[in-house]
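# Residue-level structural notes
Residues per chain are reported as follows:
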Amino acid sequence: MTPQPLQIAFSPCPNDTFVFDALVHGRVPGAPGLDVTFADIDITNGMAERGEFDVLKVSYAVLPWVLDEYTLLPCGGALGRSCGPLVLSKEPGTDLTGKTVAVPSERSTAYLLFRLWAADVVPGGVGEVVVLPFHEIMPAVRDGKVDAGLVIHEARFTYQNYGLHCLADMGEHWEATTGLPIPLGAIIAKRSLGTEKLQLLAESIRRSVRMAWDDPETSRPYVLAHSQEMDPAVADQHIGLYVNEFTADLGDDGYAAVRGLLTRAAAEGLVPPLGQHALRFV
């Protein structure tokens, strides 16, 4: 009898489709089958909190709420350098003290990085934080509906099109203060799958990543089909930023970055504290 495919949800962003292309399309020998649902990361974070899927791409920020049911996979996610979220404003040098800032989610790594930055750099504290869908943030800043906006992903390459200015790079601040890569998105899987299946899944994701690196043209149709009409050159930039050695294996620096982020955030009261072995795979 053919095993039931694993229910997986990840974003349609180029880095995720690039990573999972070979695995989704059955080109990784011996890998478990996948039944894919596309959802933006603010949606998958909620799915994880409700325990709805076997495997999910989520924000590292949501881990403290879900690690009882899910384990963090040591591969497939997004960490990096020089790829952090940006705070954008209509006027350069805007003082955010008491100002309204739009964010895409309060359960996101971007939000934690923003709050840690603001704690260091905005001594009076920002004012109201409002949650807007990602695609509405830059227009809201441009139109003066909010004073600033926190943006991620391809907005790094397109914010000038809205006449906006980069007030601060959250990644630069994080790297300057910690020396660690920026932890962005994680792959998690249900502990109930069992050690053997979880280890097979992790190795299969690693092989899928390496196959995409070895032959990037094979993944291109899948990437572009789901990239929401993104320019192919921007899609390539996106992959180049977010798919790197940490995607193949978190390694010591990757784990240190994740624990560092969540420990600092817990100290600021933004997330529950992690248990000593919470990040251990299976």
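In case you missed it, the structure is sitting above this.
So, here's what we can say about the structure.

Cut-off values and rules
Residues numbered from 1 in each chain as written. Predicted model: local features only at pLDDT ≥ 70, side-chain atom pairs only at ≥ 80, totals over all residues. Heavy atoms only, no water. Pairing = 2+ DSSP bridges. Helix = DSSP H or I, 4+ residues; strand = E, 2+ residues; numbered from the N terminus. Axes fitted to C-alpha atoms, helices over the stretch in contact; angles between N-to-C directions. Contact = heavy atoms within 4.5 Å. Buried < 20%, exposed > 50% of the residue type's maximum accessible area, 1.4 Å probe, protein only. Core = buried A, V, L, I, M, F, W, Y, C linked by side-chain atoms within 4.5 Å. Salt bridge = Lys/Arg side-chain N within 4 Å of Asp/Glu carboxyl O.

### A look at the sheet that holds strand 8 (residues 129-131)
- Pairing within the open sheet is mixed, and its five strands lie in the order 8-7-9-6-10. Of all strands in the sheet, those bounded by a partner on one side alone are strand 8 and strand 10 (165-169). The mean angle between the axes of side-by-side strands here comes to 30°, regardless of whether they run parallel or antiparallel.
- Relative to strand 9 (residues 148-151), strand 6 (residues 86-89) runs antiparallel, the two being bridged by four bridges. Considered in strand 9, the bridge of Val 87 is made with Leu 150.
- The strands that helix 7 (residues 170-178) touches are strand 6, strand 9 and strand 10; relative to strand 10, the one it contacts most, it runs at about 25°.

### Description of unusual backbone geometry
- Positive phi, close to 45°, is recorded for Val 282, a residue that is not glycine.
- Counting through the fold element by element, Val 282 comes out in the segment after helix 12 (251-267).
- Residue classification places Val 282 among the partly exposed residues on the basis of a relative accessible area of 38%.

### Considerations on the environment of Thr 263
- Among the secondary structure elements, Thr 263 is positioned in helix 12.
- Thr 263 sits in the partly exposed class, given a relative accessible area of 47%.
- Spatially, the C-alpha atom of Thr 263 lies 21 Å from that of Gly 125, the residues being 138 residues apart in sequence.

### Quick word on the nonpolar core
- Of all hydrophobic cores here, the largest spans 56 residues; its most connected members are Leu 56, Leu 63, Leu 112, Phe 114 and Trp 117.
- Here this core gets eight residues from one element, more than from any other, and that element is helix 4 (residues 109-121).
- Filtering out sequence-adjacent residues up to four positions away, Leu 112 remains in contact with Ala 61, Leu 261, Leu 262, Ala 265, Leu 270 and Val 271.
- Residues Val 55, Ile 187, Ala 212 and Val 243 belong to the second largest nonpolar core, which totals 29 residues.

### Brief notes about the pattern of salt bridges
- Summed over all chains, the structure comprises twelve salt bridges.
- Residues Arg 206 and Asp 249 are paired through a salt bridge, measuring 3.4 Å at the closest nitrogen-oxygen approach. Taken together, the positions of Arg 206 in helix 8 (residues 195-214) and Asp 249 in the loop between helix 11 (245-248) and helix 12 put the pair 43 residues apart, joining distant regions of the chain.
- The class for Arg 206 is buried, based on a relative accessible area of 16%.
- What makes Asp 249 partly exposed here is its relative accessible area of 39%.
- One network of salt bridges, in which partners are shared, links Glu 203, Arg 206, Arg 210 and Asp 249.

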